[in-house]
Amino acid sequence: MMKLSRYVLYDILRSKIIIAYTLFLFIVSVSMFQMEEENSKAMLSLMNIILIVLPLVSLVFTTIHYYNSYEFIELMLSQPLSRKRILLSEYAGISLSLLSSFLIGVGIPVVLYAATETGMAIIFTGSALTMVFTSIAFLASVSARDKAKGIGFALLLWFYFALIYDGLVLLILFTFSDYPLEKLTLVLSALNPIDLGRIFIMLKMDVSALMGYTGALYKDFFGSSSGLLFTIGIMTVWALLPLWVALRKFKKKDL
Amino acid sequence: MRFIILFISLCISPFIFGNIIIVGKDKPINSIIKGIELAKNGDTVKVFPGLYKEGRITITKSITLIGINYPVIDGEKKVENMILSGSDIKVQGFHFIDSKHSSSNDYSAINIIDATRVIVENNKITNAHFGIHLANTTYCTINGNTILGQAVSEQSAGNGIHIWKSSYAFVTNNHIQGHRDGIYFEFVTESEIRNNKSENNIRYGLHFMFSHNNFYAYNIFRKNGAGVAVMYTHHVRMENNVFEENWGTASYAILLKDITDSKIANNKFISNTVGIFMEGCNRIAVNKNLFNKNGWAMKVQANCVDNVITNNNFKGNTFDIATNGTMVSSSFDNNYWDKYDGYDMNKDGIGDITYHPVSMYSMIIEQNPTALILLRSFMVTLLDKAEKAIPSLTPENLVDKKPKMKPFKL
Amino acid sequence: MIRIEHINKRFKKLKALNDISVSFEKGQVISLIGPNGSGKTTLIKSILGMAKPDSGKIYFNNECINGGFNYRNEIGYMPQIGRYPDNMKIGQLFSMLKNIRNTMEENIDNELIREFDLCPMFEKPMRTLSGGTRQKVSAAIAFLFNPPVLILDEPTAGLDPLSSEILKEKIIKEKQKGKLILITSHILSDLDELTTHVMYLQDGKMQFFKNIETLREDTGEIKLGKAIARIMKGEDPTGNFISEVLNKKI
């Protein structure tokens, strides 16, 4: 498997987009830490990047790369290789390169400037979201036949996870504000990896606020070790499930 | 001349130095009560180490009682360990354990009642119901005591230092933890509370009502169940205190209810659910404080008037200011807000556009607390930005017209 | 060696393969011919497992391929249009394939690389190559692992006459080794000298599968092209040639 991934990785590195992305993350992270007197403010900006830019880049980059490496996939298919191996190699190659971009671009500055619990939470969430959205992008790419549709689909998914979903949650919270909704919001948040990641960082960053009002419930749940396992578990499901569905589709697909 | 001096000093000496009475388990006088009985005003009773189970020890004479190496006075959970009444009494260096507990009466390890100029110093008190209880006293000093309770519930627990209807009290250098309220004042005036540490108490670190003209300085209030609550009082000064990690659904680093004409300066509010909660407060000056990593740095209810919040640093708080109405009649000028993203064209260190410290989302959360779960989401950020452009929900006149570009050096 | 039983494939409304059953054996060189869109490439892709038939089975050495992939060890495939990763250099492409196949160096057939003189171009990235060079690369890859089955989709299209000739020589050489070679083409004349059998597809249906000798006899033409043309004009295009094919000893 790693044999193939190596070629995928090589191909990605040659395209230079990934290097630009790494540099972008690195420059933004470092300049934030340099500009802001308070690390907490830099972390806040970083958090926004991780929750918004990271999923977007992961989705679009993966989708474009998938369609660009269609030839490679075709070539591999004529070789004695299973489809599963080919797709998983592609996934491993792309997610690993995006992940290393993130770890170099954001991870290193965070470790250098703010190796706090919040910093670690940011690194964890960023890594998890990279894996998750690469996986979701594979599903989008395998499902859509042509590049334009695939990228459109990926953008739509991003829009949904980053914005629309939260809007819907807020709508629900206000429509049913007379009912106790704490448990429900807990479940709802787990259904969106971006929300889950956000809450995970928030637990470290805004622990004081979360201790007030209903926040205490979230804090009790996510702050416990079982909450941590829950977060890791759900993130893993989010990373594996779309990939698994994509794999099933890919196996049945004509190429 | 020399003779006269000698004569005078001989006459005064019993009053200045007094006699010294030694109490010890292996000494001729082996009970503290006996020692006190034998002492006259101005005498000193020195107690050697040992376990003294003598029931209630009462002192009404003006004597000094000194424990050497913390002799233990055991209340066996049956009595109050010591009662002090009168004037010029000093108790120092004892370890009080297991005073009587009750859910209906305020039993304490040291009960000071109808007294003046009493000094209770450098004692340890463990597992008491109330630690030190003062009622109807003047000029009493409570200094350097360590009071460790094991309170489990608010109903069954007593306060660490409880003072009622007293004036000119000095509460200094004490360490109180594990009680209901660390320090509790009711009708206490002209007093000074300095350098104490009150932490991990079930309810409040400091709690006072109707206690005017008191000065609180250099105290540390940490991890108390509901922080600090002070009510119905005027002319309070609180300076250089630290309020830390007071977390909870109804926890405030400091809750100010009906406080007027007071000053809160140079304090540090760090990692509290709410830094300062103000309700019905008038003419309070909040100066030069640091608000860092709090959930809400300040919650100012609409019924607060003429408070001046200035020269403070607001850093890393989830929300800076929250309020429950649209009318605001306090001033928030000239603070440093780390969320301020304005500019300073004329380089005078003051931002050229006003800062709105109340975010729209904090108003939403006031209405619907569950919505806190969406904090920091992209959508909420967009809502806040939109609100900044066209304010509709947030109070228009709650602004800092002169936000500082750089934090104050505090 | 390859046995196809009743496979069907439909792309939305278009019926690409319509109940095709056929059997290919060692030593045969089969010309798979038919008009554009008749299903030639789909048939090949089905054999390679790249397209999944809606129904029917394909056996390779009496084993149903059914999603498996190891049988592709024994197939060399030259696609109609060779598309390769843009950033990859020719040399890397070959070394990657060798790496993936894990083949011993002595089993590698470098003849076409040599003949096409590809070595000097090893450092060129694939995106800079002309169509013809790509075809050469594709051909070289197909023969690289000395497989017992060769599937060549329009092998001579886009090749200059000289290269075309080299490829033809190579095919003949492999034929003599007793390999099964499946060639699609509509440039009929090219294939005359190689072919042992002709399979003719039209609108997804197999019209006939015949030994070349039989075909010549049937049509009275020496040239394959003319023979086919006669059939295409054919008096009986829907005639059931399959039974004929299956009955006749090849």
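Residues numbered from 1 in each chain as written. Chains lettered and ligands numbered in written order. Predicted model: local features only at pLDDT ≥ 70, side-chain atom pairs only at ≥ 80, totals over all residues.

A. Seen up close, the sheet that holds strand 1 (residues 2-11) of chain C. Residues and elements named next belong to chain C. Strands sit in the order 2-1-4-5 across an open sheet of four strands; the sheet is antiparallel. Every interior strand has two partners, whereas the edge strands, strand 2 (14-24) and strand 5 (63-64), have only one. Here strand 1 runs beside strand 4 (residues 55-60); their pairing, made up of five bridges, is antiparallel. Looking at the pairing, Arg3 lines up with Tyr59 of strand 4. Packing of helix 1 (residues 40-48) onto the sheet brings it into contact with strand 1, strand 2 and strand 4, and relative to strand 2 it is tilted by some 60 degrees. (Pairing = 2+ DSSP bridges. Helix = DSSP H or I, 4+ residues; strand = E, 2+ residues; numbered from the N terminus. Contact = placed C-beta atoms within 7 Å. Axes fitted to C-alpha atoms, helices over the stretch in contact; angles between N-to-C directions.)

B. The arrangement of the confidence of the model for chain B in detail. All names here are of chain B. In the predicted model, chain B carries a mean pLDDT of 91, and the fraction of residues at 70 or more is 96%. Mean pLDDT values over the elements of chain B span from 61, in helix 1 (residues 2-16), up to 97, in strand 17 (residues 170-172). Scored by ipTM, the complex comes to 0.83, with pTM at 0.82. (pLDDT = per-residue confidence, 0-100.)

C. Looking closely at the interface of chain A and chain B. Tallying the contact residues gives 35 residues for chain A and 30 residues for chain B. Mapped by element, the contributors of at least two residues to the side of chain A that touches chain B are helix 3 (39-68), helix 7 (147-175), helix 8 (182-190), helix 9 (193-205), helix 10 (207-210) and helix 11 (215-223) of chain A. The greatest single-element share of the side of chain A that touches chain B, amounting to eight residues, is contributed by helix 7 of chain A. By residue class, the composition of the side of chain A that touches chain B is 17 nonpolar, ten polar and eight charged. (Nonpolar A, V, L, I, M, F, W, Y, C, P; charged D, E, K, R; others polar.)

D. Representation of the nonpolar core. Counting 239 residues, the largest nonpolar core has B:Val228, B:Leu256, C:Ala140 and C:Ile151 as the members making the most contacts within it. A per-element tally of this core places helix 6 (residues 117-143) of chain A first, with 14 residues. Viewed by domain, this core spans two of them, domain 1 (19-224) and domain 2 (226-358 + 395-410) of chain B, each represented by three or more residues. Once residues within four sequence positions are removed from consideration, C:Ala140 is found in contact with C:Leu112, C:Ile113, C:Phe116 and C:Leu118. (Core = buried A, V, L, I, M, F, W, Y, C linked by C-beta atoms within 7 Å. Buried ≥ 20, exposed ≤ 12 C-beta atoms within 10 Å, placed from the backbone. Domains from an automatic or database assignment.)

E. Broad picture of the packing of helix 6 of chain A against helix 9 of chain A. Residues and elements named next belong to chain A. In contact at an axis separation of 8 Å, helix 6 and helix 9 are set at 175 degrees when each is read in the N-to-C sense. With respect to helix 9, the element helix 6 is oriented roughly antiparallel. In this structure, helix 6 uses Glu117, Thr118, Ala121, Ile122, Thr125, Ala128, Leu129 and Val132 to contact helix 9, whose residues at the interface are Pro193, Ile194, Gly197, Phe200, Ile201, Lys204 and Met205. Partitioned by chemical class, the residues of the contact of helix 6 with helix 9 number ten nonpolar, three polar and two charged. (Parallel < 35°, antiparallel > 145°, perpendicular 65-115°, else oblique.)

F. Spatial organisation of the interface of chain A and chain C. Contact residues are listed per partner, giving 20 residues for chain A and 20 residues for chain C. Of all elements in the fold, only helix 1 (2-15), helix 4 (70-77) and helix 12 (225-252) of chain A reach the threshold of two or more residues within the side of chain A that touches chain C. The residue inventory of the side of chain A that touches chain C, partitioned by class, reads seven nonpolar, five polar and eight charged.

G. Fine view of the sheet that holds strand 8 (residues 180-184) of chain C. All names here are of chain C. What the six strands build is an open sheet, ordered 6-7-8-3-9-10; its pairing is mixed. Among the strands making up the open sheet, the edge pair consists of strand 6 (75-78) and strand 10 (205-211). For this sheet, the mean angle separating the axes of adjacent strands, direction not counted, is 15 degrees. Across four bridges, strand 3 (residues 29-33) lies against strand 9 (residues 197-202) in parallel orientation. Paired with Ile30 across the two strands is His197, which belongs to strand 9. With respect to the sheet, helix 6 (residues 212-219) is in contact with strand 9 and strand 10, its orientation differing from that of strand 10 by roughly 100 degrees.

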